Amino acid sequence: MRHALVVLALVVSVTGLAGCGDDDSSAASGGSDKELPTKTIDVTFEGDDVTPNGDRVEVEVGQPIEFVVKADTEGEIHVHSDPEHEFEYGAGTTTLTPFTIDKPGIVEVESHQLEKTIVQLEVK
Amino acid sequence: MDPVSPSWGELFAHGIGGQKDLPIPLELTIAGAVAALTVSFTVLAIAWRTPRYDETNGRPAPPRLVTLVGSRPWFYALRTLGMLAFAYTAMVAVAGEDSLINPLFGIFYVLLWVGFVPVSLLFGPAYKAISPVRTINAGFARLTGSDPERGVFEYPAWLGHWPAAIGLYAFVWMELVYPFATELGPVRLWLAIYVAAMLVGGTLFGNRFYEMGDPFEVFSTLVARMSIWGRRGDELVIRSPLANLANTPVRPGLVAVVAVLFGSTAFDSFKDSIRWVKFIQGDYVQDHDLGLLFGNLGLLSFVLMVAVVFTVGTMLTGVGPEMRRRDLPGQFAHSIVPIVIGYVIAHYLTYLLEVGQQTIIYMSDPFSNGSNWFGTANWTVSYYFSLHPSLLAVIKVLAVVTGHVVGVIAAHDRAIQLLPKKHQLTGQLPLLVVMICFTAGGLYLLFAA
């Protein structure tokens, strides 16, 4: 009996706190039809190094994301969203096609050649 | 509508499955930790003083169910299911394409590993019921005219669950550290070694080997201790999960099994944190080519940390003359199981549901040539929990905190059973602190990763 009461108090308190927490992004994005500004992320490849090097970048669900890549050799970037996106770039400066992510979550963006995570997109 | 087959090196740092869950919000993390803390000390202060859980708990299951579950047809049906699954898995392992759309990866990393957790919670020791290795062993035994129950030797009691702990470590090493974990060859090899080891064990020690040393069976049976299904002698009974848990047989290596399960899940979380990614990709590690070394060290450290902290926490108490301090960790190991289950649910829920659905879709196309064996190839995955991150975050925190509460209650009952009267409250404090650290650590990893 005590056990049940304790667990119940727990459930109520946690759920209550959740209610005061962040809004559902799906509820928010459902209501807003405004144009989201394009998020531009600069990526620089130099030899075996890439900048950014595993940083986290916040973006919104449905926001166009554009990578501007400066590289010394050609390569590929893979975006591990559902579904995945693959982009090829050549040496020099390339602006990749903007894409959007339609679900909240953490999406890894990796360099295929270097096998490194460039950024983790925190999609909210 | 053929999905693009990812090329070789792409999967280097990356497991199967696309997006990962968002970190839980700070308010929820703190709320969870505070709730865990409050409930822990409340339980300590007001809970019962005489042990409640022992073998006599439980009432007999409905007679129809008992007959059904004890019948030969039921037994054969479940084992046949296991053999069909085994045959399918062997088929895609040997003849399938080396690409991420081969269902083998989903079967191995999701259905086999995480899938058995809810199934065992609901239905009892599920892996044991379908175990293909037991069936193969029984088949060989019949062919050679011997009894599968008995092997060449008696299973040594001191060995306990250590083979299972090692097997589980081999699995999580493959999943979390090995760079080529999403290539067909390595997974096929792992499974081949697993089957070979299980068959050798079965020949040497009989069926008892599977109960003690099969990593998947031990994992599933341990999780099943939190189900309502128990045995009192040979009788099938329905019991409170807490009573069932309290009757977990204490064997050598139980602490190791629990430590591998908890430590590996924690490391899986930690691996995705910004701090770790930047470290592994940073100049120091890259220039000296130490990525693999640090991966190994990371996994080992987390597992050892859990084992050591837990062992110390249980031993830091006064004991009566009948109990040896060394036996305490094993006696309390069952109380970590709910915390493990809670954390596994929190960490792997969307993984199981979303990648699991994706695997069921891939299973209709075992050779990646566009076929549709089971009619699921054109289904779409429902991303319900990913699309509702607030709800998902609440579920995660509830799972972790509930696991903690159940663990504290289990530890309390064991403590008043074992410890002498004057140490009953103070003796629980170190273990309580350990559990709070585990839970707070788990919540922190969900927040920071």
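Residues numbered from 1 in each chain as written. Chains lettered and ligands numbered in written order. Predicted model: local features only at pLDDT ≥ 70, side-chain atom pairs only at ≥ 80, totals over all residues. Heavy atoms only, no water.

Asks: Can you walk me through the environment of L44 of chain B in this structure?
Replies: All names here are of chain B. Residue position: L44 is located in helix α1 (residues 26-46). Spatially, the C-alpha atoms of L44 and F108 are 41 Å apart, while their sequence positions differ by 64 residues. With near-sequence residues (within four places) excluded, L44 lies in contact with R49, L425, Q428, L429 and L432. (Helix = DSSP H or I, 4+ residues; strand = E, 2+ residues; numbered from the N terminus. Contact = heavy atoms within 4.5 Å.)

Asks: In this structure, what is going on with the packing of aromatic side chains? I would like to understand it.
Replies: Two aromatic rings, taken as a pair, are described by how far apart their centres are and by the angle between their planes. Applying the stated criterion across every chain, the model contains 39 aromatic pairs over all chains. Measuring from ring centre to ring centre gives 5.0 Å for W113 of chain B and F219 of chain B, while their planes differ by 50°; the resulting arrangement is tilted. Of this pair, W113 of chain B sits in helix α4 (residues 103-123) while F219 of chain B sits in helix α10 (residues 215-224), and the two are 106 residues apart along the sequence. Measuring from centroid to centroid gives 5.9 Å for F367 of chain B and W373 of chain B, while their planes differ by 70°, and the two rings are edge-to-face. Owing to a relative accessible area of 44%, W373 of chain B belongs among the partly exposed residues under this scheme. The rings of F108, Y109, W113, F116, Y127, F171, W190, Y194, F216 and F219 of chain B are connected pair by pair, giving a single aromatic cluster. Sitting above the plane of the Y383 of chain B ring, K103 of chain A keeps its charged end 3.8 Å from the centroid. The ring of W48 of chain B carries the charged tip of R52 of chain B above its face, separated from the ring centre by 4.5 Å. (Phe/Tyr/Trp six-rings, centres within 6.5 Å; stacked < 30°, edge-to-face > 60°. Buried < 20%, exposed > 50% of the residue type's maximum accessible area, 1.4 Å probe, protein only. Lys NZ or Arg CZ within 6 Å of the ring centre and 35° of its normal.)

Asks: What exactly am I supposed to notice about the packing of helix α7 (residues 162-176) of chain B against helix α8 (residues 184-205) of chain B here?
Replies: Two measures define how a pair of helices packs: the angle their axes make with one another and the distance between the axes. All names here are of chain B. For the pair α7 and α8, the least separation of the axes is 12 Å and the interaxial angle reads 175°. Of the possible angle classes, the one that applies to α7 and α8 is roughly antiparallel. Across the interface between the two elements, G167, A170, F171 and M174 of α7 pack against P186, V187 and W190 of α8. Here the contact of α7 with α8 is built from residues that sort into six nonpolar, one polar and no charged. (Axes fitted to C-alpha atoms, helices over the stretch in contact; angles between N-to-C directions. Parallel < 35°, antiparallel > 145°, perpendicular 65-115°, else oblique. Nonpolar A, V, L, I, M, F, W, Y, C, P; charged D, E, K, R; others polar.)

Asks: Would you mind going over the pattern of salt bridges with me for this structure?
Replies: For side chains bearing opposite charge, pairing can occur when the charged atoms are close. Residues and elements named next belong to chain A. One pass over the full model with this rule turns up 13 salt bridges over all chains. We note a salt bridge from K124 to E122, for which the minimum N-O separation is 3.2 Å. The class of K124 is partly exposed, set by a relative accessible area of 40%. Of the residues examined, E122 reaches a relative accessible area of 9% and is grouped as buried. If you follow the salt bridges from partner to partner, you end up with R56, E58, E122 and K124 in one network. (Salt bridge = Lys/Arg side-chain N within 4 Å of Asp/Glu carboxyl O.)

Asks: Teacher, can you tell me more about the confidence of the model for chain A here?
Replies: Detailed conclusions should not be drawn from predicted coordinates in areas where pLDDT is low. When pLDDT is averaged along chain A, the result is 81; 73% of the residues meet or exceed 70. Confidence drops under pLDDT 50 across residues 19-32 of chain A; counting only partners more than four residues distant or on other chains, this segment forms 14 contacts. (pLDDT = per-residue confidence, 0-100.)

Asks: Quick question: what am I supposed to make of the pairing of strand β5 (residues 75-80) of chain A here?
Replies: Look at any regular strand and the pattern is simple: side chains alternate between the two faces of the sheet. Residues and elements named next belong to chain A. The buried fraction of β5 amounts to six of the six residues, a majority that puts the element mostly inside the structure. Because side chains alternate across β5, one face comprises the buried residues G75, I77 and V79, and the other comprises E76, H78 and H80, equally buried. One ladder, built from five bridges, connects β5 with strand β6 (residues 85-89); its direction is antiparallel. Note on β6: the bridge partner recorded for I77 is F87. As judged from the four bridges shared by β5 and strand β8 (residues 105-111), these two strands associate in the antiparallel manner. Within the sheet, the bridge partner assigned to V79 lies in β8 and is V109. (Pairing = 2+ DSSP bridges.)

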